[in-house]
Each structure stands twice: as structure tokens, then as C-alpha cells.
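If you want the building blocks of each chain, they are given just below.
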Amino acid sequence: MSVASERSEAVEETTPASVDVVVVGAGFSGLYAIHRMRKAGFDVLCFEAGDGVGGTWYWNRYPGARVDIESVQYSYAFDEDLQQDWKWPELFSPQGDLEDYINHVADRFDLRRSIRFNARVDSVVFDEEERRWQVGTEAGHRVRAKYVIAATGPLDATNVPSFPGIDTFEGELHHTSQWPREGVDLRGKRVGVIGTGSTGVQVVPEVAKVAGHLHVFQRTPAYTVPAHNRALDPDYEREWKENYAQRREMMRHHPNALVLPMTQHGSVFDHTPEERLAILEEAWRSRSGLLFFFLFNDVLTDIRANEVVAEWFRGKIREIVKDPEVAELLCPTTYPLGSKRLSIDSGYYDTFNRDNVTLVDVRRDPIVELTPKGIRTEEAEYDLDVLILATGFDAMTGSLLRLNVVGAGGVPLREKWSGTPWNYLGLMVSGFPNMFLVHGPGSPSVLAQMVTQSEYQIDWIADLLSHMEQEGLETVDTTTEAERTWCAEVTELANGTLFPLADSWQKGANIEGKPQSYMIWVGGFDAFADRCDQVAAAGYDGFVLKP
Ligand code: FAD
Ligand code: NAP
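Residues numbered from 1 in each chain as written. Chains lettered and ligands numbered in written order. Predicted model: local features only at pLDDT ≥ 70, side-chain atom pairs only at ≥ 80, totals over all residues. Heavy atoms only, no water.

### Considering helix H7 (residues 234-242)
Looking only at H7, the buried set comprises Glu237, Trp240 and Lys241. Seen end-on, H7 carries its buried residues on one side only, within an arc spanning 95 degrees. (Buried < 20%, exposed > 50% of the residue type's maximum accessible area, 1.4 Å probe, protein only. Helix = DSSP H or I, 4+ residues; strand = E, 2+ residues; numbered from the N terminus. Arc of directions from axis to C-beta.)

Dropping the structure here:
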């Protein structure tokens with residue numbers, strides 16, 4: 001017997017041949033989908049590539065990994081007892097606390113029995129005659145399902161740039177999103193970090209504390225603000241817990257799915273330079289993380305307003321970083337503030353004042369290759385014991401395309417999305433009946449707090465499926481007309497902002513050869529959810545439901 005058939009026998013023992021719903025992914029979205037689908041009366045089975053739950057917070061174990069939204073907000077709302085019982089030790093949880101929380105949720109709601117771990121889905125094919133999806137995993141599972149929910153994460157598919165010679169490097173090579181559970185011993189070592197996005201900004205200060213020497217290879221500098229992370233104040237926690245229901249309702253009606261305890265100061269130009277300075281300085285000193293970003297209402301729409309704040313920001317960098325040349329290199333100038341996600345950090349700029357840290361400008365002096373000893377740029381060589389790739393993700397579409405989905409008429413999703421990632425409401429793609437996306441392209445995605453979004457989208461899907469079962473309907477699909485209209489609206493809204501001006505993963509610009517279009521709905525989570533509610537109330541306008 002071949003190894004492959006032994007494997008498939010082993011998985012058949014524990015896996016049903018057919019279920020109502022297959023969920024792919026056991027991150028925040030997938031776990032809630034299991035719970036919600038069960039509650040709606042469906043048989044549900046989840047496949048997860050990793051050996052544990054948590055998604056982002058399972059994979060990204062790099063030193064410094066931490067959420068950039070307060071944990072009292074970035075958490076589930078679906079169970080009042082859960083949100084009352086759980087205690088967050090810190091204002092912004094580190095990866096470990098988020099992983100503890102999500103494991104607690106999996107146990108508390110008995111979700112693990114529906115999950116097959118170490119089961120990477122590698123084929124999802126629609127059988128038109130049976131009107132069922134055939135889902136297969138690399139481990140050999142084969143399951144038929146009426147519905148598929150792809151909760152595969154917008155930031156899950158690791159991006160490892162194809163540096164020539166990458167396989168010849170003899171030191172340790174780690175991508176931040178595949179960080180070993182047992183950690184990496186960096187003490188006293190010569191370490192390189194490539195990448196200075198949100199991940200690089202978090203990992204660099206932590207590595208610098210222990211490495212013998214750290215080289216940071218920067219192509220584009222980040223804008224990053226102090227997190228001011230701290231232990232969660234018991235009075236603050238009590239106050240949240242006393243008002244949770246009302247606060248969650250506020251999030252549902254907020255563009256970023258947040259409660260922001262702050263004053264917005266109108267336009268940048270409503271203030272004298274002195275007033276503006278006072279507002280910005282106060283925010284830098286005492287505001288936590290992203291709150292900083294919402295100080296003025298025109299920073300993301302008016303390039304002149306943006307530049308005023310960006311220049312003040314560069315002044316901050318010049319103030320902190322002692323070497324003026326290094327400070328200049330750290331100053332972002334090629335894209336508007338906030339058009340790539342603003343990072344939050346714990347001592348990032350100050351790290352460049354350390355004697356054991358060197359910033360290498362690989363925009364001016366590009367990386368040519370990796371060698372057995374380290375990195376060779378056009379002008380220099382850097383010997384390294386450990387190389388950390390903080391090079392991000394094939395975002396939004398990457399993990400969905402890696403499912404190898406084939407829809408009605410034998411059309412692969414890869415073909416359908418060879419240009420624009422067509423979708424309606426970020427939830428469905430026409431020609432792929434009964435298959436739903438969570439945080440798909442066309443949804444608000446990272447522009448709003450994502451746990452609340454997951455719950456919203458999954459509730460919406462659950463209501464649709466319940467409606468179909470009640471009405472005896474077999475399939476739901478969207479139309480090319482609906483998805484074209486929706487995608488045009490996504491683009492039009494984005495073009496009214498500064499977001500598309502950055503070469504970011506949000507428009508696919510970080511992956512060589514990836515078709516570029518701005519993929520996120522910038523109209524706000526509140527407007528997005530209102531629209532989805534209206535569509536449902538109008539009998540699922542833009543969807544085709546068939547018996
Ligand atoms: P994920 O958490 O990405 O989970 C997807 C799961 O699907 C993974 O477990 C993956 O293994 C599995 N999967 C994918 N493909 C397959 C397959 N083919 N077969 C089987 N399983 C598969 N958002 C915020 O709002 N605030 C933050 O502070 C924040 N910080 C972040 C920090 C990092 C380092 C990253 C990478 C992202 C961050 N995000 C943040 C975004 C974050 O991804 C979402 O907040 C949220 O965790 C997404 O949950 P999810 O369940 O939809 O996807
Ligand atoms: P990212 O924002 O895409 O940043 C990747 C970095 O790698 C960029 O600096 C990029 O440079 C660099 N890079 C990529 N390929 C390179 C190459 N070939 N040579 C040199 N440099 C290269 O990825 P990320 O930092 O992992 O963040 C992704 C998203 O995850 C964030 O935007 C955020 O939404 C989320 N996140 C959030 C947090 C948080 O604060 N909680 C933490 C981490 C991640 P260029 O910019 O020049 O391409």
C-alpha cells in the first residue's frame with residue numbers, strides 16, 4: 001500500500017463523507033463560523049492547515065507580535081459571558097495572550113471536534129450535477145459539502161521574495177509568519193531583518209535587544225506611532241464590561257468598527273500651526289496607537305492636509321534618531337501617511353540609536369542575492385547567522401487562490417481573477433455558487449477592526465443559509481452585473497482617497513506580476529454593513545437563489 005493511500009484511509013475513519021458546510025481556516029473567522037453554523041442547525045466541518053487554532057495569532061509568533069487595536073475591542077462579542085469572564089492582561093495583547101484567548105474559545109464552545117488540523121485544503125471543485133462542492137486536502141481528506149466558507153485570511157499567504165541564491169544561505173532563515181513555536185535563539189548573533197512594514201517595525205526593537213548585531217534592510221520606510229502599551233487598568237476594564245452591549249453596538253455603527261474615546265479636530269486647516277502642533281504632540285505623548293490617526297478628518301483624502309501631518313511626523317523621527325543620515329533614511333517620503341497601514345511600535349525609531357543596529361538602504365543599494373554567508377547588495381556584503389524575512393503576504397487573494405477553486409462550468413477562480421478579483425460585497429464571486437468569502441477583496445478588511453467584521457459577515461452568511469433552508473433553495477450565486485457594479489464602486493470610493501497612491505499589498509503592488517487594483521472597500525464598515533443589511537432585506541438583491 002502506498003503512503004498516500006494509507007494516509008487517506010486514516011483520515012476517512014474520522015471524517016464524514018459529506019456535510020452541510022465546510023469552513024476553511026480556524027482563525028477568528030473560521031472558529032466563529034463553526035459555532036454560528038452549528039447554532040443555525042448545520043453539520044459543519046473545518047479544515048485548518050496549522051496544528052492549532054488562531055490563524056494570524058497561531059502563525060505570527062515573531063518577537064514583538066502584538067495587536068494594534070485594544071483587546072477589549074479586538075475580541076468576540078457573540079457571547080456575553082465570554083466577554084465578561086475573559087481578562088486581558090494588557091491593553092494591546094501580545095500574540096501569546098491572543099493565542100490563549102482563541103484556544104479558550106475553541107474549548108469553551110467545544111469547537112475542536114469539528115476541526116481537522118494539519119489539513120491544508122488544496123482543491124475545491126463544484127460538481128454542477130450534484131450541486132455540491134468537493135473539498136480535498138493535502139492530507140487526503142475528501143468531503144462533499146453544500147456550502148463552503150473560505151475563512152482563509154486576508155493576510156495568510158506568506159510572501160517569500162525570490163531572491164537569487166535564497167537556497168544557498170547556510171544560516172537560519174525565518175519568515176515572521178512561520179516563526180517556530182520553540183522560538184529562535186538570536187542571542188549574540190549577526191541577524192538581518194528584511195522588511196520594515198508593521199511586522200518589521202514590531203520585530204526590529206525586540207531583535208535588537210538580544211542580537212550581537214542587527215542589520216535592518218529597508219526598501220521603504222514606515223510611518224509608526226508609539227503604542228503606549230500597558231497593563232490593562234482594572235477600572236477601564238470594569239467600565240468596558242459594564243457597557244459592553246452598548247459599546248459593541250457603537251462599533252457596528254462606526255466606519256472602523258471601533259469605539260474611539262477621543263475628540264476629532266475637524267480639518268487640518270481649521271487650526272493655526274501652533275494649535276495643530278499642540279494636538280499632534282499631545283497625541284504622540286499620550287494617545288494609544290492608531291487613535292492618533294483619527295485626529296483630523298482630511299488626512300486620508302486631501303494630499304495637502306496629509307503632507308502637513310507627514311512633515312510634522314518626519315520632524316518626530318529627526319528628533320528621536322540621533323544620526324541625521326539615518327533619520328533621513330527613516331523618513332517616509334514616497335507615499336502619503338496612512339495610505340499603507342500606520343504601524344504602532346514600542347521603541348522602533350529609538351532602536352536606530354543603538355550601537356548594535358545598522359540601517360541598510362536597499363532602495364539605493366538593492367539586494368542582488370543571498371549567498372551561503374548572508375546578503376550581497378550591489379555595493380556590499382553582509383555576513384549573517386540568522387535572516388528574518390518580514391516581507392509580508394500575498395494579501396487578500398493569495399490564500400483564496402491557493403485553494404485551487406474550480407467553479408461552475410469548470411472555471412478556475414485563478415482564471416476568473418486573472419485581472420480584477422471580481423466579487424459582490426466581498427462575500428461571493430459569480431459562477432462560484434454556495435461559496436462565501438470572509439474578509440474577501442471588496443470588503444472593508446484591514447480598514448476596520450476585523451473580529452467585529454468577521455462576526456458580522458458570518459452572521460450575514462448564516463442568515464442567508466437559514467433562509468435558503470427554510471425556502472427549500474439549493475443554490476445561491478451572484479451575477480456578473482452585481483459584481484461589476486460593486487467592484488466599480490470599490491474603485492471609485494478608493495479613488496476619492498489617498499489609499500491607492502501607495503504601492504502596498506492593499507492593491508497587490510507588493511507581489512511581482514500580481515494584477516493591481518485597490519481591493520478594499522474604503523466606504524466604512526458601518527456603510528458596508530448597512531448595505532449588506534439592505535441587500536438581505538430586499539430579498540437578497542444582486543443574488544440569484546434557485547430551488
Ligand atoms: P486568519 O487569522 O488569517 O486565519 C486564516 C486561517 O486559515 C489560518 O489559520 C490558515 O492556516 C488557514 N488556511 C488558509 N488557507 C488554508 C487552506 N488552504 N487550508 C486550510 N487552512 C487554510 N487586524 C486587526 O484588526 N488588528 C490588528 O492588530 C492586526 N494585527 C495583525 C498582525 C499580523 C502579524 C497580521 C498578519 C495580521 C494582523 N491583523 C490585524 C489582521 C488579521 O489577519 C485579522 O485581524 C484576523 O486575525 C483575521 O482572521 P481570519 O480568521 O479571518 O484569518
Ligand atoms: P508589508 O506591510 O507588506 O511589509 C513588507 C515589508 O517587506 C515592506 O517593508 C517591503 O518593502 C519589504 N519587502 C518585501 N519584499 C522585499 C524585497 N524583495 N526586498 C526588500 N524589501 C522587501 O507586510 P507586514 O509588515 O507583514 O504587514 C502586513 C499587514 O499585516 C499590515 O499592513 C497590517 O495590516 C498587518 N500587521 C499588523 C500588525 C499590528 O500592528 N498588529 C503587525 C504586523 C502586521 P516595500 O514597502 O518597499 O515593498
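Past the structure itself, the notes keep going.
### Points about empty space enclosed by the protein
Tallied over the entire structure, the rule returns four cavities of 30 Å³ or more. Estimated volume of the second largest cavity: approximately 80 Å³. Elements that contribute at least two residues to the lining of the second largest cavity include exactly H7 and helix H8 (244-252). Here the lining of the second largest cavity is composed, by residue class, of six nonpolar, two polar and four charged. (1 Å grid on protein atoms, 1.4 Å probe; cavity = no way out; pocket = protein on both sides within 12 Å on 5 of 7 lines; lining within 4 Å. Points joined across faces, edges and corners; volume = space filled by probe spheres on them. Nonpolar A, V, L, I, M, F, W, Y, C, P; charged D, E, K, R; others polar.)

### Some words on the pattern of salt bridges
Taken as a whole and assessed by the stated rule, the structure comprises 35 salt bridges. Note that Asp107 and Arg112 form a salt bridge whose closest N and O atoms lie 2.7 Å from each other. Residue class for Asp107 comes out partly exposed when judged on its relative accessible area of 49%. In this structure, the salt-bridge partner of Glu379 is Arg364, at a minimum N-O distance of 3.3 Å. Placement of Glu379 in the loop between strand S14 (374-377) and strand S15 (381-383) and of Arg364 in the loop between strand S12 (357-361) and strand S13 (367-370) is noted, with a sequence separation of 15 residues between them. Residue class for Glu379 comes out exposed when judged on its relative accessible area of 55%. One network of salt bridges, in which partners are shared, links Glu307, Glu311, Arg314, Arg318 and Glu328. (Salt bridge = Lys/Arg side-chain N within 4 Å of Asp/Glu carboxyl O.)

### Section: the site of ligand 1
Ser29, Glu48, Thr56, Asp68 and Tyr74 are the nearest of the 31 residues found near ligand 1. Side-chain polar atom of Thr56 to an oxygen atom of ligand 1: 2.7 Å apart, as the coordinates give it. One of the side-chain nitrogen or oxygen atoms of Asp68 is found 2.5 Å away from an oxygen atom of ligand 1. Burial of ligand 1 by the surrounding chains reaches 96%, relative to a free accessible area of 970 Å². Those elements that place two or more of their residues in the shell around ligand 1 are helix H2 (28-39) and helix H3 (56-59). At three residues, the largest contribution of residues to the shell around ligand 1 is made by H3. Here the residues of the shell around ligand 1 sort into 17 nonpolar, nine polar and five charged. (Near = heavy atom within 4 Å. Polar contact = N/O pair within 3.5 Å; in protein donor to acceptor, adjacent residues only side chain to side chain. Areas by Shrake-Rupley, 256 points an atom, 1.4 Å probe, with all protein chains shown as cover.)

### Re the site of ligand 2
The local shell around ligand 2 holds 25 residues, among which Arg66, Thr199, Arg219, Thr220 and Trp505 are the closest. Arg66 is positioned such that a nitrogen or oxygen atom in its backbone is 2.8 Å from a nitrogen atom of ligand 2. Protein coverage of the free-state accessible area of ligand 2, which is 910 Å², stands at 87%. It is helix H6 (residues 198-210) that contributes the most residues to the shell around ligand 2, three residues altogether. Along the lines of polarity and charge, the residues of the shell around ligand 2 split into 10 nonpolar, nine polar and six charged. No fewer than three residues from each of domain 1 (3-157 + 395-546) and domain 2 (166-389) sit in the shell around ligand 2. (Domains from an automatic or database assignment.)

### Side note on the packing of aromatic side chains
All told, the structure shown has 32 aromatic pairs when counted by the stated rule. Residues Tyr32 and Tyr76 carry aromatic rings whose centres are separated by 6.3 Å and whose planes lie at 40 degrees to one another, so their mutual orientation is tilted. Of this pair, Tyr32 sits in helix H2 while Tyr76 sits in the loop between H3 and helix H4 (80-85), and the two are 44 residues apart along the sequence. A single burial state applies to Tyr32 and to Tyr76, both of which are buried. (Phe/Tyr/Trp six-rings, centres within 6.5 Å; stacked < 30°, edge-to-face > 60°.)

### Structural notes on the domain arrangement of the protein
Split into domains, the protein comes out as domain 1 (3-157 + 395-546) and domain 2 (166-389). The straight-line distance from the C-alpha centre of domain 1 to that of domain 2 is 28 Å. Taken together, the contact between domain 1 and domain 2 spans 52 residues of the former and 48 residues of the latter. Interface of domain 1 and domain 2: buried area, both sides summed, is about 4,300 Å²; carbon and sulfur atoms make up 53% of it. (Contact = heavy atoms within 4.5 Å. Buried area = accessible area lost by both parts, 1.4 Å probe.)

### Overview of the sheet that holds strand S9 (residues 213-218)
Spatial ordering of the open sheet is given by S7-S16-S8-S9-S12, a layout of five strands whose pairing is parallel. The sheet is open, and its two borders are formed by strand S7 (172-175) and S12, each paired with just one other strand. Direction aside, the axes of adjacent strands within the sheet are offset by 20 degrees on average. Two elements, strand S8 (residues 190-194) and S9, share five bridges in a ladder whose sense is parallel. Counterpart to Arg190 in the pairing with S9 is His213. Each of S8, S9, S12 and strand S16 (386-389) touches H6; the most contacted strand, S9, lies at about 160 degrees to it. (Pairing = 2+ DSSP bridges. Axes fitted to C-alpha atoms, helices over the stretch in contact; angles between N-to-C directions.)

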